[in-house]
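Geometric and topological summary
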Amino acid sequence: MSEVLEAERVAPPARGPRRSWPTIAAVVVLIVVLVLFPVFAGVAYLKAGQYVLIGVVGAVGLTLLVGQAGQLSLAHPFFLLVGAVSYAVLAGEPGESGDLVGLGLPPLLAVVGAVAICALGGLAFSPVSGRLRGIYLGVASLSLVFLGLYLGQSLDMLSGGTSTGRTPPTFELFGFRFANSDPAPTILGVAIQKQQRLWYLFLVLAAGAYLLARGAVRSRVGRAWRAVRDNEAAATAMGVDVARAKAQAFTVSSAFAGLAGVMTALWLDLVKPDENEFTGTYSITVAIAFLAMVLIGGLGSIPGAVAGAVLVNGLPQLLTLGATEFGWSIGTLSPVLISAFVYGAAIVLVVLFEPGGLAAVGRRLTSRNGDR
């Protein structure tokens, strides 16, 4: 490894910025709200929140690849599908439903296996990602979405096909099932049933993904990614193995997408490949949505990816709930279409006026409050 990276290892780590009391208080309040959210929210709001957490996991993984390592990828839907199908196959009971393949592994082991399979898939793509960059890599990665569409429709014994799909096994952890039960545990007098349990599961997974990503960014691996992103020739001169760094980034990002795919299967309670490549759970539209999350949040920013996921995945859910429960409407425009206009406009505004995205806006506001 290079002398520069060796010097970084020997030198004492620099202290991060001190957190102000208002920031700490805000974080504590946010944690309390997230923990108590299932107690006060209805099932529809819990489902919307779960969808946002799925977006958080996927967006965090993509911002590591696009923002930290500088590799454009539109392959997230492919790894979402691979993760969902892998979990269903690994945890499914053998011979439970006709010709469907199932290995009968414990659900926790199936989740780990699904994430590992997606990571291996990303590693298998590394010979391509290591030689391409920019729009060429984006187009090459987009081909995986079409590959996923073909494989999902063709391998009925794994995916269940486009007509019926297959039901993923209920997640279970040390004998505790994430499903409705009677009697059910309670918090403040509220029964914790399937949707509440899935909320807590998704919250733990999203928090774990966030912490792992922050750790990766601050590590030597993260510094190598940024060196490759900024200048591959300079990174090579400093002793960074560019091909290896790119392979690592694509592998890690694919693993995050695979975990989001498992969460998607549990959220929908269904694994079903799309009928076409333009609309659906694993379509090109989803690839664009994830890219919008990291652009709006700020390329390379982990908190920004979270904020982008809240906007892009949360806004359609919020507008849909508003239309069904409160009668919100804007002419004949659907909530999904309105959301597409909103985050499309947000991308344009970010590119024109704030390339750092919501993360840069947040840093500016925080520093301004700290100066007072």
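Everything below is about the structure shown above.
Parameters at a glance
Residues numbered from 1 in each chain as written. Predicted model: local features only at pLDDT ≥ 70, side-chain atom pairs only at ≥ 80, totals over all residues. Heavy atoms only, no water. Helix = DSSP H or I, 4+ residues; strand = E, 2+ residues; numbered from the N terminus. Rg over C-alpha atoms; globule rule 2.2 N^0.38 Å. Buried < 20%, exposed > 50% of the residue type's maximum accessible area, 1.4 Å probe, protein only. 1 Å grid on protein atoms, 1.4 Å probe; cavity = no way out; pocket = protein on both sides within 12 Å on 5 of 7 lines; lining within 4 Å. Points joined across faces, edges and corners; volume = space filled by probe spheres on them. Nonpolar A, V, L, I, M, F, W, Y, C, P; charged D, E, K, R; others polar. Core = buried A, V, L, I, M, F, W, Y, C linked by side-chain atoms within 4.5 Å. Contact = heavy atoms within 4.5 Å. Salt bridge = Lys/Arg side-chain N within 4 Å of Asp/Glu carboxyl O. Axes fitted to C-alpha atoms, helices over the stretch in contact; angles between N-to-C directions. Parallel < 35°, antiparallel > 145°, perpendicular 65-115°, else oblique. Left-handed = near helix turned anticlockwise from the far one by under 90°. Phe/Tyr/Trp six-rings, centres within 6.5 Å; stacked < 30°, edge-to-face > 60°.

**Focus: the overall build of the protein chain**
The helix and strand inventory of the protein chain stands at 17 helices and four strands. Taken over C-alpha atoms, the radius of gyration comes to 21 Å for the protein chain, in line with the 21 Å a tight globule of 372 residues would show. Its C-alpha atoms put the protein chain at 60 × 50 × 45 Å along the principal axes. The buried share among the 372 residues of the protein chain stands at 45%.

**Considerations on the layout of surface pockets**
In this structure, the second largest pocket encloses a volume near 590 Å³. Lining the second largest pocket are 24 residues, and of these Y51, T285, V286, A289 and N313 lie nearest its centre. Taken together, the elements giving at least two residues each to the lining of the second largest pocket come down to α3 (43-68), α13 (242-268), α14 (284-297), α15 (302-325) and α16 (335-353). Grouping the constituent residues of the lining of the second largest pocket by class yields 16 nonpolar, eight polar and no charged.

**Section: empty space enclosed by the protein**
Enumeration over the complete set of coordinates arrives at three cavities of 30 Å³ or more. Empty space within the largest cavity amounts to approximately 60 Å³. If you go around the largest cavity, the residues you meet are P168, P169, T170, F171, F178, K194, L198, L266 and D269. Split by residue class, the lining of the largest cavity holds six nonpolar, one polar and two charged.

**Some points on the nonpolar core**
In this structure, V57, F79, Y87, F202 and L266 are the most contacted members of the largest nonpolar core, which totals 86 residues. When residues in this core are grouped by element, the largest group, 13 residues, is from α13. For Y87, the residues in contact, after removing those within four places along its chain, are G92, P107, A110, V111, A114, P168, P169, T170, F171, V262 and L266.

**Notes on the pattern of salt bridges**
Within this structure, the stated rule accounts for six salt bridges. Among the salt bridges present, the one from R177 reaches E172, with a minimum N-O distance of 3.8 Å. Here R177 falls in the partly exposed class, since its relative accessible area comes to 43%. Accessibility expressed as a relative area gives 28% for E172, which makes it partly exposed. Residue K246 is joined to E232 by a salt bridge in which the shortest nitrogen-to-oxygen separation is 2.8 Å. Of this pair, K246 sits in helix α13 while E232 sits in helix α12 (residues 232-237), and the two are 14 residues apart along the sequence. Connected through shared salt-bridge partners, R133, E232 and K246 make up one network.

**Focus: unusual backbone geometry**
In this model, D182 is joined to P183 through a cis peptide bond whose omega is 5°. With respect to the helices, strands and loops of the structure, P183 is situated in the loop between β2 (176-177) and β3 (186-187). One non-glycine residue with positive phi stands out, namely F174, at about 55°. With respect to the element layout, F174 can be found in the loop between β1 (172-173) and β2. Given the relative accessible area of 78%, F174 is considered exposed. At D269, a residue that is not glycine, the phi angle is positive and equals roughly 55°.

**Looking at the packing of helix α11 (residues 220-230) against α13**
Between α11 and α13, the shortest axis-to-axis distance is 9 Å and the interhelical angle comes to 115°. With respect to each other, α11 and α13 are oriented roughly perpendicular. Crossing handedness for the pair α11 and α13: left-handed. Across the interface between the two elements, V221, W225 and V228 of α11 pack against V242, A245, K246, Q248, A249 and V252 of α13. Grouping the amino acids of the contact of α11 with α13 by side-chain chemistry returns seven nonpolar, one polar and one charged.

**A closer look at the packing of aromatic side chains**
Any aromatic ring pair is given by two values, namely how distant the centres are and how the planes are angled relative to each other. Inspection of the entire model under this criterion finds seven aromatic pairs. Here F125 and F250 contribute two aromatic rings whose centre-to-centre distance is 5.0 Å and whose plane-to-plane angle is 40°, an arrangement assigned as tilted. Taken as a pair, F125 in the loop between α5 (107-124) and α6 (126-129) and F250 in helix α13 lie far apart in primary sequence, 125 residues in all. The two residues F125 and F250 agree in class, both being buried. Ring pairs connect the aromatic residues F78, F79, F125 and F250, which therefore count as one cluster.

**Focus: the packing of helix α4 (residues 76-91) against helix α7 (residues 135-154)**
Where α4 contacts α7, the two axes come as close as 7 Å, and the packing angle between them is 35°. For the pair α4 and α7, the contacting residues are P77, F78, F79 and L81 in the first and L144, V145, L147 and G148 in the second. Taken together, the residues of the contact of α4 with α7 sort by class into seven nonpolar, one polar and no charged.

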